[in-house]
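Descriptive structure summary
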Amino acid sequence: MDYLLHGEKSERLTYRKLLPSDFDHWLPFYSDPSSFQYWSEEIKNPVQACENWFEKAFYRYRNNLGGMNALILKDNGTFIGQCGLLTQTVDDIEELEIGYSLLRPFRNMGYATEAAIKCKSFAFEHNLAKSLISIIHIDNKPSQQVALKNGMLLDKTTTYKDNPVHIYRVIVEKA
């Protein structure tokens, strides 16, 4: 299934596949400790971490596992982050997740919420899933707020990739 929002638009954003040329735009994410303060994963160096991210992203694309879309500001073409629909396995159950990560200068401006809402609408309009989740570290209050603004509710608390996480969920609304 194609879970990517390539060519989609929302109020302030356009969505497209991540490109190899986006590497230098995304590298500052891994140079900023606030980007991974809630996630315990060894970050050896920013370049290697960014290379790993891109390898995983293109693997997802090639294998129809969803993936993050590049988020581009409509008004000036600036790359601000990534958001998308990803297949994940949580507690041995395959789920469709809305994931989002923004570069620091673009946080707390409503972009993550706008992108997450667009992902939710896209998934439900295309009947991609009966429910969607967001996997959020239990201490990551900003991402939890995005999930709540996206109509999600706390479903459970578990461990995911050695991190204590909350699973937020939204169920498709019946017409």
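Structure: see above.
Residues numbered from 1 in each chain as written. Predicted model: local features only at pLDDT ≥ 70, side-chain atom pairs only at ≥ 80, totals over all residues. Heavy atoms only, no water.

Topic: helix H2 (residues 46–62)
- With 17 residues, H2 ought to run about 24 Å at 1.5 Å a step, and its terminal C-alpha atoms sit 24 Å apart, in line with that.
- The complete set of buried residues in H2 reads Ala-49, Cys-50, Phe-54, Ala-57, Arg-60 and Tyr-61. Seen from one end, H2 has its buried residues packed into an arc of 135°, which puts them on one side. Of the exposed residues in H2, those oriented more than 90 degrees away from the buried face are Glu-55, Lys-56 and Arg-62.
- For H2, the secondary structure elements touched by its buried residues are strand S1 (13–17), helix H1 (23–31), strand S2 (66–73) and strand S3 (79–90). (Helix = DSSP H or I, 4+ residues; strand = E, 2+ residues; numbered from the N terminus. Expected span 1.5 Å × (residues − 1). Buried < 20%, exposed > 50% of the residue type's maximum accessible area, 1.4 Å probe, protein only. Arc of directions from axis to C-beta. Contact = heavy atoms within 4.5 Å.)

Points about the packing of H1 against H2
- Close contact between H1 and H2 brings their axes to 9 Å; oriented N to C, the two are set at 120°. Taken as axis vectors, H1 and H2 run oblique relative to one another. In this structure, H1 crosses over H2, and the sense of that crossing is right-handed. Between H1 and H2, the residues in contact are Phe-23, Trp-26, Leu-27, Tyr-30 and Ser-31 and Pro-46, Val-47, Ala-49, Cys-50, Glu-51, Trp-53 and Phe-54, respectively.
- Classifying every residue of the contact of H1 with H2 by side-chain character gives ten nonpolar, one polar and one charged. (Axes fitted to C-alpha atoms, helices over the stretch in contact; angles between N-to-C directions. Parallel < 35°, antiparallel > 145°, perpendicular 65-115°, else oblique. Left-handed = near helix turned anticlockwise from the far one by under 90°. Nonpolar A, V, L, I, M, F, W, Y, C, P; charged D, E, K, R; others polar.)

Digging into the environment of Arg-169
- Position of Arg-169 among the secondary structure elements: in strand S7 (residues 163–171).
- A relative accessible area of 16% means that Arg-169 is categorised as buried.
- Other than its neighbours up to four places away in sequence, Arg-169 contacts Glu-95, Ser-131, Leu-132, Ile-133, Gly-151, Met-152, Leu-153 and Asp-155.
- One polar contact links Arg-169 to Glu-95, side chain to side chain, over a distance of 2.8 Å. (Polar contact = N/O pair within 3.5 Å; in protein donor to acceptor, adjacent residues only side chain to side chain.)

Notes on the state of the cysteines
- Evaluation of the coordinates by the stated rule reveals zero disulfides.
- You can see Cys-83 has no disulfide; the closest cysteine sulfur is in Cys-119, sitting 3.6 Å from it.
- Given the relative accessible area of 0%, Cys-119 is considered buried. (Disulfide = S-S within 2.5 Å.)

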